[in-house]
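# Summary of structural features
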Amino acid sequence: MSTRQLLEIAFSSGRSGSGPATWGQQAIWDAVRRLPPADAPRYNITTAAPLDPGLPLPVVLGALEQLLHLHDSLHTRLLPDGDGRLRQVVDPEGVLSVELADATGADDPGELGARLHGELAARAFDTGEQWPIRVGVVTLDGLARHISLVLSHTAVDGSGMSRLVADLTALSLGTSPEELAKLREPGQQPLEEAEFQTSERGVRRDTAARRQFVRKLRLGPPRLFPTAAPDPVTTFPNAVLRSPALPRAVERVAGAHRVSTSSVLLAAAAAMTARLAGTTEAVLNVVVNNRFLPELANAVSVVAGDGLFHLPDVGAEFGEVVRRTHAVAIGTYRHAYYDKLALAAEIAAATAEGVELADRSCVFNDTRELLPAAPDPGDGPDDAPGSARTTLSWPVEFETRPGLTYALDALQSPEALSLAMTADPSVLPRPAMERFLYGMEELILTEASAAAGTVTAATTATGEASDA
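Everything in this summary refers to the structure shown in the same document.

Cut-offs used in this document
Residues numbered from 1 in each chain as written. Predicted model: local features only at pLDDT ≥ 70, side-chain atom pairs only at ≥ 80, totals over all residues. Heavy atoms only, no water. Buried < 20%, exposed > 50% of the residue type's maximum accessible area, 1.4 Å probe, protein only. Helix = DSSP H or I, 4+ residues; strand = E, 2+ residues; numbered from the N terminus. Pairing = 2+ DSSP bridges. Contact = heavy atoms within 4.5 Å. Salt bridge = Lys/Arg side-chain N within 4 Å of Asp/Glu carboxyl O. Axes fitted to C-alpha atoms, helices over the stretch in contact; angles between N-to-C directions. Parallel < 35°, antiparallel > 145°, perpendicular 65-115°, else oblique. Left-handed = near helix turned anticlockwise from the far one by under 90°. Core = buried A, V, L, I, M, F, W, Y, C linked by side-chain atoms within 4.5 Å. Phe/Tyr/Trp six-rings, centres within 6.5 Å; stacked < 30°, edge-to-face > 60°. Lys NZ or Arg CZ within 6 Å of the ring centre and 35° of its normal.

Among the 8 residues in strand β7 (residues 133–140), 8 count as buried, and that is most of the element. The alternating pattern of β7 places I133, V135, V137 and T139 and R134, G136, V138 and L140 on opposite faces, both of which are buried. The pairing of strand β6 (residues 94–102) with β7 spans 5 bridges and is parallel. Across the sheet, the residue bridging to A101 is V138, located in β7. Relative to strand β8 (residues 143–151), β7 runs antiparallel, the two being bridged by 8 bridges. Pairing of G136 across the sheet is with S148, part of β8. The antiparallel hairpin formed by β7 and β8 contains 2 residues in its connecting segment, where D141 sits at a positive phi of about 55 degrees.

Written out as structure tokens, the structure reads:
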């Protein structure tokens, strides 16, 4: 049987201060407070991993303490100021609790770690009273063998968590905090980011981004899919299509059309949205990580924002859709860093005036790490869409999410690319969700085959000319 105990890491001499919350902190805090209490933990950002062959526990605990000094977001609390806005308070000292489970006995460290991770992830944060981080560690024979990190989404987004894990790994392997801080420049702390946002330059960026968003809202169709059936919906199903053929195919299409791999996936999502909605255009709310902004490149905080992507005439040949998607997406990404609370006020005012605004109920989020896909034996352009190696599963049912038609996430693993879709079944029943996901795969694999054929033909023609 395993044993549990609570360790406390003392933290002192950290940076401190207070000021307005950042746009990202405010946006996530507003989103979470609107959820039923039992549903709030699904906004937590979590990760867990085995530590093989293990690290001395003092090394891990020391690295965690150093991590707090590197990233103010980990010891920041958020307090309402009475008018709907938040203030962030960065604490210079305090205690980080670590839940420790010893796997001596019958427990496997990995299984025990998974259970501990599930427990930590299932609890919401009180961001006014607590620091937004929980840690769980499983030990065996005096070594840390598994670690779990659970953070409030008000502290980090997905990209921020990736950077946090990389920093914790480097610190555990002996990199000094000073070396790491130098490597991570530039990377604003949340108070520095808030200072920029209230500056003249920040206000100009915010104003331009919201103006672009509202302009697109006025151009897009007010509804993409037909009105939902009147029958009440109690849960939203989640479908996951796992395709080993997609990683290489996405890269091949991106290379052939000289676009980003995200543009290929976004183009496929837009095409299938229009196809299933029976329209000629698509509007998607796209999650943008904003790390292309130099001062935010290495930020371990929540800086991701929503961009509105509107693409007319989506029924064109898919290669053309890919190229046009890339051009439109650049403008979308450029205008995804703004004050979401101010935008909500503008939208409410326009709605009150009777202005019809575009459907914003379809959400696209490319969560992949931007790394080349690992080779997959037998993977090639001739792999059939929906082949035996592609799987579709229905792992979970979520609580209903008002105002959402679907949320689509792209997830990368070394062996496959997964498309995870959560949808309102009164708008997109399960068969329609299957058509959507398999349709995305088919569009990309077919285009990849065509691109490979073009390259082969060009190579052959060049060879013949050389022989002549």
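Another aspect to go through is the environment of E93. Turning to its location among the elements, E93 is positioned in the loop between β5 (86–90) and β6. Considered as a pair, E93 and E320 are 227 residues apart in the sequence and their alpha carbons are 55 Å apart. Sequence-distant contacts of E93, that is, excluding residues within four places in its chain, are made with F11, S12 and W131.

This paragraph deals with the pattern of salt bridges. Opposite charge on two side chains lets them pair, provided their charged atoms get close. Evaluation of the coordinates by the stated rule reveals 16 salt bridges. Two residues, D30 and R33, come together in a salt bridge whose shortest N-O distance is 3.4 Å. With D30 and R33 both in helix α1 (residues 23–33) and 3 residues apart, the pair spans about one turn of that helix. The partner of D167 in a salt bridge is R184, and the shortest N-O contact between them spans 2.6 Å. One end of the pair, D167, is in helix α4 (residues 158–172); the other, R184, is in the loop between α5 (177–183) and α6 (190–197), and 17 residues separate them in sequence. Residue classification places R184 among the partly exposed positions, given a relative accessible area of 23%. Within this structure, D206, R210 and E346 form a network of salt bridges that share partners.

What follows covers the packing of helix α9 (residues 261–277) against helix α10 (residues 318–334). Packing of α9 against α10 brings their axes to within 8 Å, and their N-to-C directions diverge by 110 degrees. In terms of axis orientation, α9 runs roughly perpendicular to α10. Here α9 and α10 pass one another in a crossing that is right-handed. Side by side, α9 and α10 meet where S262, S263, V264, L266, A267 and A268 of the first sit next to F318, V321, V322, T325, H326, A329 and Y333 of the second.

For the rest of this paragraph, the subject is the nonpolar core. Core analysis: the biggest nonpolar cluster contains 67 residues, and L284, Y406, L408, L419, L428, F436 and I444 have the highest contact counts within it. Broken down by element, the residue count for this core peaks at 12 residues, all from α9. When residues no more than four places from it in sequence are discounted, the contact partners of F436 are A269, M272, T273, L276, Y406, L408 and M421. In this structure, L96, V98, L164 and L168 belong to the second largest nonpolar core, which totals 33 residues.

Our next topic: the pairing of β5. Across the 5 residues that make up β5, a large majority, 4, are buried. Note that strand β2 (residues 17–20) and β5 share 4 bridges and pair antiparallel. Bridge assignment links G19 to a residue of β5, and that residue is Q88. In terms of strand pairing, strand β4 (residues 76–80) meets β5 through 5 bridges, oriented antiparallel. By the bridge assignment, P80 is partnered in β5 with L86. In this antiparallel pair of consecutive strands, β4 and β5, the connection spans 5 residues, and G82 shows a positive phi of 105 degrees.

Moving on: the packing of aromatic side chains. Within the structure shown, the criterion is met by 4 aromatic pairs. Ring centres of F11 and W131 lie 5.8 Å apart, and the angle between their planes is 85 degrees; this geometry places the pair in the edge-to-face category. Within this pair, whereas F11 is found in strand β1 (residues 3–11), its partner W131 is found in the loop between α3 (109–121) and β7, the two being separated by 120 residues in sequence. Each member of the pair, F11 as well as W131, carries the same accessibility label: buried. Between R134 and the ring centre of F125, over which it is positioned, the NZ or CZ distance is 3.8 Å. We note R430 situated over the ring of W394; from NZ or CZ to the ring centre the distance is 4.5 Å.

Within the secondary structure layout, P232 lies in the loop between α7 (200–219) and β9 (235–243). Through-space distance from the C-alpha of P232 to that of A282 is 26 Å; in sequence the pair is 50 residues apart.

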